[in-house]
Amino acid sequence: MAKLTTARSIILETLEANQKHMTAFQVYDAVKHRLPSLNMSTVYRALEYLTHHGLISVADVGASMPIYEAVSNTHHHLVCEECRHISIVAHDEVKEFFDSISHKYNFTIHTNHLILFGLCEKCRQAKDDKSE
Ligand SMILES: [Zn+2]
Ligand SMILES: [Zn+2]
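Residues numbered from 1 in each chain as written. Chains lettered and ligands numbered in written order. Predicted model: local features only at pLDDT ≥ 70, side-chain atom pairs only at ≥ 80, totals over all residues. Heavy atoms only, no water.

Student: Tell me about the pattern of salt bridges, and please be specific about residues and values.
Tutor: Overall, the coordinates contain four salt bridges when judged by the stated rule. Residues Glu 13 and Arg 34 are paired through a salt bridge, measuring 3.2 Å at the closest nitrogen-oxygen approach. Of this pair, Glu 13 sits in helix H1 (residues 6-18) while Arg 34 sits in the loop between helix H2 (24-31) and helix H3 (40-52), placing them 21 residues apart in sequence. When its relative accessible area of 42% is taken as the criterion, Glu 13 is described as partly exposed. Between Lys 32 and Asp 29 there is a salt bridge, with its nearest N and O atoms 3.0 Å apart. By relative accessible area, Asp 29 is classed as partly exposed at 46%. (Salt bridge = Lys/Arg side-chain N within 4 Å of Asp/Glu carboxyl O. Helix = DSSP H or I, 4+ residues; strand = E, 2+ residues; numbered from the N terminus. Buried < 20%, exposed > 50% of the residue type's maximum accessible area, 1.4 Å probe, protein only.)

The structure is reproduced here in structure tokens:
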């Protein structure tokens, strides 16, 4: 069992209530009024601890900073490399693929936050228009 200090549980609570991605700075901004003695290194350490214990996920979506979020609802993302728009893909849509890989390679998959990079519809259309 993960041991939750006040800082850890408030950060986890904030990410769960938020239901969206937050950078470490956004987490800090959201919790600092509740934890006046908090500093960025405590936030980083707490995020690291929660990630290590599988309570939150961390992902690199190609932005300058990694993003964190609660893992209470497993999902995946499509990230547009042009406009940085992030769409959510439900785990159900990916689960079948994961299951078949697991089965075929006899491999237990721990990835619970898949990030696929590409172009969104809007940006692909803008590109197509330019090349015509
Ligand atoms: Zn996510
Ligand atoms: Zn786009």
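Picking up after the structure, the text goes on.
Student: Tell me about the domain arrangement of the chain, and please be specific about residues and values.
Tutor: Accessible area lost upon the coming together of the parts is a frequently used measure of interface size. When its domains are assigned, the chain resolves into domain 1 (1-72) and domain 2 (74-132). Between domain 1 and domain 2, the C-alpha centre-to-centre distance is 24 Å. Listed as interface residues are 10 residues of domain 1 and, on the opposing side, 10 residues of domain 2. Here domain 1 packs against domain 2, burying approximately 730 Å² in sum over the two surfaces, 58% of which is carbon and sulfur. Of all residues in domain 1, His 21, Val 61 and Glu 69 bury the most surface against domain 2, accounting for 49% of the area lost on that side. For the pair domain 1 and domain 2, the interface holds five residue pairs in polar contact (both at pLDDT 80 or more). For the side of domain 1 that touches domain 2, the element with the highest residue contribution is strand S1 (residues 56-59), accounting for three residues. (Domains from an automatic or database assignment. Contact = heavy atoms within 4.5 Å. Buried area = accessible area lost by both parts, 1.4 Å probe. Polar contact = N/O pair within 3.5 Å; in protein donor to acceptor, adjacent residues only side chain to side chain.)

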